[in-house]
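Analysis of the macromolecular model
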Amino acid sequence: MATGKGVAAPPLWPVEARLAALLPDLLVFRKPRGSEHELATAQGVLLGVHVTGFTALMDRFSLSCKSEHDMDTLAHIFSYYISDIVEHVLCFGGDILNITGNVLLALWTVEQNQLSDIITLVAKCSLEIQEKFGIYHTREGQDLQLKIGLSAGRISQVIVGDEQRQYLLVTGRDVDGVQLAQRLAQANEIVLSWNCWKLCEQYMFEVEIMREDEAVKLRDMRIIDPFDFDEHFYKCLDYLPHYRTSADILRTALELDPDSALEQTLRKHIMKNLLKKIDEGQPMEYISEFRTVTMVLVSLEFHKTAWMLHLCHLIQEAALYISTVIEKGGGQLSRIFMSETGCMFLCVFGLPGDKKPDECAHALESSFSIFSFCWENLAETKLVSISITSGPVFCGMVGAVARHEYTVIGPKVSLVARMITAYPGLVSCDEVTYLRSMLPAYNFKKLPEKMMKNISNPGKMYEYLGHRRCIMFGKRHLARERNKNHSLLDREKELEAFRMAQQGSLHQKKGQAVLYEGEKGCGKSQLLAEINFLAQKEGHRVLPLKLKEADSKQCFYAIQTLMAIFFEIDMCPAYYRQERLHKQLHGMVEEPLHCLFNDLFFVKFPLSFKVSHMDDLTRQKKVKACFFQVLQKAMRETPLIFLIDEAQYMDAASWEFLGTLLSSVPIIMVMTLTPTFTLCGWAQHFLQSPQAIFVPISKLATTSLLRMACWELGVVSIPQELQMCFGNPLYCEVLCQDLLSKNILLFHDLQKEEEEENSKWETLSANAMKSTMYSISPASSEDQELYVCTVKDDVNLDTVLLPPLLKEIAVNQLDQLSPGEQLLVKCAAVIGHSFHIDLLQHLLPGWGKNKLLQVLRALVDIHVLRWCSKSQDLPAEPILMPSSIEIIEQTKEERKSDAGSPLRLQEELSLPQTEVLEFGVPLLQEAAWELWPKAQQTALHLECAWFLRDLACRCGSCHGGDFVPFHRFAICSTKSSSGTSRFCSYKDTGSILTQVITDKLQLPSPQDSFQFQTKSPRSQEAFTREHCRTEEEFLDQLNRKLAQTSPEKDMLTTKPCHCKEVLKLVLSPLTQHCLVIGETTCAFYYLLEAAAASLDLSDNYMAFLYLRKASSLLGQPSAFSFFKKHKVKICQFEEATFCCLRSEVCFNMGQITLAKNLARQALRLLKRNFPWTWFGVIFQTFLEKCWRSCSLSQPPDNPSENKKKLAILQQQVQCLSLLWQLYNLEATASSRRFAYLATVMQENSAKESASEAQVVSTYVALSQFSQNMGDKEKWLHCEQMAIQKNSLCWFSREGLLATAQLMQALAYTKLCLGHLDFSIRLGFQAREICRHLKKPALENLVLSVLFRSAFLKKKFDLCVHVLESQWALISQGHDVLGLACFYSACLDLLLYGKGWLCRPFGECLHFIQHYEHSCILNSQSNVMLGVHSSLAMWFAQDSQWKLFEHHFSKARQLVKRTNASLFGSHGFVRFLECHVLMLQKIPQGVFTHTPSETPRQTLKYFKEFFSRCVTCPVYHQWVSELKASVMRYGKRESMSLTNIIRPFDTCLTRIWIEGEFLEENNSFEGNLQRFVRVADVKENKDEEEIQECIC
């Protein structure tokens, strides 16, 4: 935060210079003395600058809710303002002594005869400061103004402290004079002390006498001819031996030669944690942080009669004691400064590297110790006042580059100073400190409210009375109560240890102890609450106790409280306590011994003669013996259990007692421990007892934590972006409560909104959640309302701050690391949860690769980080070379010369992630990111964005390129003219990082394009000569390619696709970096790329999230199109791409109408309109066919000449493909016309693009459409065209994908035609290519075909194998449609699989019941027809005819909406089976809601099947058998159907079991002859080859 406008710090300052920049010249050039504590005097002029309005500004910020954001703004304003003043003072030769709060103190040290000239110089400096910086207008409406005081004369200086830490003090009458002058001055005034006025050249000043013998107000200087001030200035420079000698630097102290003695001297004046960071070489900007600290301000007022030398000794004594006590508690004595009435010591707990748990309690206890010491040991002390506050502050550098100081800024800093005045003579604290200390309330006393200057709401105040032994015990309670709404999650192992202890105590008659150890928040207290419930339920008497850290300092406190609970006197009134205790002891302890418990239980039994003759040790032993006796007697009546939470805070005497008790009384003790604490000797002895069981508590599984989060929020599913608790129940609970309190979630009723299809993109969040799997299983009760939650659209979770409790825990963990490790973690936090070490090294200035790997190894060893690979070890030899890029002072040329580093990273991304890491500690990344000040955050995000910019493309194995095809070429005309400017628009504060002028973060240009084809033209020509024209030739050629083993030739031995890693490590972080630095246009570009990549990887939900972010960047759409104005400037192509991507997402979510509208809108933006009416369809179809005949005679354009046109054509093809698929879901004639037009337009656009792979994919799609529509001729023709065009598609990933699609289509065709072995073989080959390409959606489609082929072939073992592979694929993505297909296949296997099982029926039914009304499944009539028909068949098997009717009626409604696709035909067949079964059972009267049907009506469905499903003859013979059975039943020729109860005993089943389903030599007429010929060749091979494919 320290700045310097005209002066930039060199990239590598020596240590001496960095130390000197933190200290005044008075120390740097101080001559060695015999005694460090000797009081030295000198003549000089003091300048005090007081910034007024700053406390009022902080008060305004403290009233707002965004404390972290406001603190950043506050620190930025003050540092920016004070840096100008510091530089101005340095230019006039001043020495900045300190910057304390909002006061700057500067000194000009000269001889006495030079004072008058220097006073003139300082007065001129003051006038210029008031003129230039006197008023600073802030956006908040609170102006900052200056009050300046001048004093001159004798200045005393003394150094206090010890050999480790020293402090410089300036004191004396004239130091008090400058403080008085400041106090008397008003805003924008300059006041001279009386002594200064007497010493100056009075004739040169226009003044106003304010108070006689006190001060004068300076109005102006009398300069008649311009007094030639320059001459006077240079004259004064002769008096200043340390004035700068170079125009490039403001202080001579920064140019000193290395001097080890001087360095050691200067180091004593700097705090330890700051020294460690300087030694680490951390830049000045990296040191500043925002964090919560606890401040202690100690004020000592001395009697005015005390001698100066004596006062210095008192301050020295106080400083040594304060420093010792504060450091013991985990704090640091930050600075000592003199006031008009005495001396003040500012101490801070929780500075970077010092964060400890319970810092507020330590601060209070340390303060009370200091308070007592100062009153008792400092004789001349008139008054001791101490104030303590706690809250968020800025901890960091303030000032200029040449002179800055480490300080704290925040409203709590002002409050702690005001409290000293408001509550003198007390140890006072604010309410936050009182609450966070967790100390007993009786240690505090509430103070009356008082008005404080410029602080509108100081809050409640308390006096700390010290840790007193109050007349009360601890309370019987546990930290948590058992949750009655849901049971304890995944703690069976821990509860089993308790049950074993119960059995051991019962059978062995020995005491048993169970000690649960776990980190904070892992669920220890919740576990104790569950044990408490279970024990009481079983009739045990439970004594619960929760300890605090303060309890460890009270001897025997834990046993005292436990026994008070045992005697039931802990809750009773004091006046009744003695009587109650007497009744409890009666009959168990002799009457004369009752007085032993007087001090222990605060009672007053008469002292007996027997006890009066006992010494203290004897009394203690007798008390313990009585306790043993009482507990043994109680155990004979009721089993007794001690529950002790936070047992690490137990005192040693209590541990000793429990150890003895465990070996003598059969009692059960259950305790919890936190592993970070060091236990006493008696505790260690207790743990080593053979009767003690030590049980570490493990982290919760992710699924259990998701269930817990759903329970906390009252929903059945939560968004993926909220799932970040990492196995810690406390984190989960606090995060859920924080989300609810911040009101950033929306809740949606699952039942009420299930069937509604949304018409607006802006309200699709709920539907996106419903398109994924639930986190917990919904309740089976139909009356219970079920909810899902989503994040509000205008909320960016990346900017939502952590709850204070969790941030405090994470910062505590961070501060346990070394300074180098802390810096690495903070820089990694800027990159994101996962990061590559090359980018990390780029952010770490001066770090070599060896140092980086060494620190990383240390962090991995302690599990702060972990490697994102199968092996968690460091690579033996790093693959990437160390990056030479430096952040500081890097010029544009240096950036260009280092451009190879990101390219090396791109190459690495195509290898296994051996150099990619992620955070292993929960929420550490979020907390570390929040520590950065906003300016440094922005600068570091800028560096990350620049580094990642060239990597935002497909991986190396995919030959680069954009995820949105030719994206950069389509936008180059609108993006490349931006020129050079800054990365972002935030105000330059002069920070080193933000001084670097670079090119604006440009979108990728066409010059950055990648090679889309890596094979030479000669290779393509050679292969083209092998152009295959028949299916048989194509398949033979494919087999040869797959059989090749040479890496140069084998298309599957190249590096696998790593686009998923590119999305995770490049695109996703890059969008966040661009948003932070304010580059919304670039952010929109990369959000589109990330969405396209997610869809490419079949992650529809993440694509929706990226597109929702993009929508928020554009702003809310206007109701009128002519008013539409986006907040981000985008070109028409990007808007069309945005619509196309949203259309695909909506299609995957089942939002059919919205998907159609968005696809139409995208086509309109792409200048390719799609008609709305049937007449428009006819006319457009005619035009498209004419266009085709005309365009075929024209040679296609060269793609390399016009990539922008290719980009547009690719988007057109994608939109048209979506449109025909959308219309294909509807079975109406009108929809078929629209779908047909879309296929014709897609074919034309694909041909125009001249991309062979695109053409092949299009023909494959047209083949699928024709098959669905029942057009045999068109179906087979398109497939043949795809085979012929596939010849040129072997040399790119896009071509390989087209080949995989063609292989899937061929397997699908062979299945439909009945060539099952051939279909299986093709399916395995297609799956091999899909797995290499990492295309899960296509692989899932291939597996569906494989299952159906194996199922019809009765290879049920292969069916199970395929289903297991399919489950592993779809369960990761929570794809509802994929799961519906999966469970449909499972039902088929259950019905006809002869005992083979993949998933139980209950699981299948449970899924269907809870998802059948989702928009996704509602739009998939083909799939749901098969599902409901299969369910009906299952319930018929069990004679559950009502359920059969329910599902059969749903199937009947769906049958009209299906087509001739494989799923549609399969569902139709299942429906016909149900119909035949229903016809059989109608005479028995088992149906109450289904109308009776005659065989003639049933035969109509058979007729419809044969007319519709012409292209799926694999089912024809089966359906023909079913039809024959119906006809026989109609003629009353067979009575078997009327006498059988169970459907599987009918002839319907015998068709399947006894008869061959398909004749292998069956031939088909007409168009099918050539397929039969190929199939006969392939099916003659041995079936063992299929088994090899499985392996």
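The preceding data block contains the structure.
In this text, all values refer to a predicted model and were calculated from it rather than measured experimentally.

Calculation criteria
- Residues numbered from 1 in each chain as written.
- Predicted model: local features only at pLDDT ≥ 70, side-chain atom pairs only at ≥ 80, totals over all residues.
- Heavy atoms only, no water.
- Axes fitted to C-alpha atoms, helices over the stretch in contact; angles between N-to-C directions.
- Helix = DSSP H or I, 4+ residues; strand = E, 2+ residues; numbered from the N terminus.
- Parallel < 35°, antiparallel > 145°, perpendicular 65-115°, else oblique.
- Left-handed = near helix turned anticlockwise from the far one by under 90°.
- Contact = heavy atoms within 4.5 Å.
- Nonpolar A, V, L, I, M, F, W, Y, C, P; charged D, E, K, R; others polar.
- Expected span 1.5 Å × (residues − 1).
- Buried < 20%, exposed > 50% of the residue type's maximum accessible area, 1.4 Å probe, protein only.
- Phe/Tyr/Trp six-rings, centres within 6.5 Å; stacked < 30°, edge-to-face > 60°.
- Lys NZ or Arg CZ within 6 Å of the ring centre and 35° of its normal.

In the contact formed by helix 49 (residues 1252-1269) and helix 50 (residues 1272-1285), the axes pass within 8 Å of each other and the chain directions differ by 165°. Relative to helix 50, helix 49 is oriented roughly antiparallel. In this structure, the crossing between helix 49 and helix 50 has a hand that is left-handed. Within the contact between the two elements, helix 49 uses Glu1252, Val1255, Val1256, Tyr1259, Val1260, Leu1262, Ser1263, Ser1266 and Gln1267 and helix 50 uses Lys1274, Trp1275, Cys1278, Glu1279, Met1281, Ala1282 and Lys1285. Each residue belonging to the contact of helix 49 with helix 50 can be placed in one class, and the counts come to 9 nonpolar, 3 polar and 4 charged.

Unlike most non-glycine residues, asparagine 188 shows phi in positive territory, near 65°. In this model, serine 1098 sits at a positive phi of 65°, which is unusual for a non-glycine residue. Topologically, serine 1098 is positioned in the loop between helix 42 (1080-1096) and helix 43 (1100-1114).

Another aspect to go through is helix 49. With 18 residues, helix 49 extends 26 Å between its outermost C-alpha atoms, agreeing within 8% with the 26 Å of an ideal straight helix rising 1.5 Å per residue. For helix 49, the buried fraction is high: 15 of the 18 residues fall into the buried class. Of the residues one or two after helix 49, glycine 1270 is the one with positive phi, at around 80°.

So, about helix 26 (residues 729-741). Its 13 residues place the ends of helix 26 18 Å apart at the C-alpha level, agreeing with the 18 Å of an ideal helix rising 1.5 Å per residue. For helix 26, the complete set of buried residues consists of Pro729, Leu730, Tyr731, Cys732, Glu733, Val734, Leu735, Cys736, Asp738 and Leu739. Against the buried residues of helix 26 lie helix 25 (702-713), strand 23 (745-749) and helix 29 (804-815). A positive phi of about 55° marks asparagine 743, the residue just after helix 26.

The next thing to look at is the packing of aromatic side chains. The full count for this structure, using the stated rule, is 48 aromatic pairs. Ring centres of phenylalanine 233 and tyrosine 234 lie 5.7 Å apart, and the angle between their planes is 75°; this geometry places the pair in the edge-to-face category. Members of the aromatic cluster, joined through ring pairs, are Phe556, Phe566, Phe567, Phe597, Phe601, Phe627, Phe628 and Phe657. One Lys or Arg, arginine 1160, reaches over the ring of tryptophan 1172 and ends 4.0 Å from the middle of that ring. Directly above the ring of phenylalanine 969 sits lysine 1203, whose terminal nitrogen or CZ lies 5.0 Å from the centroid.

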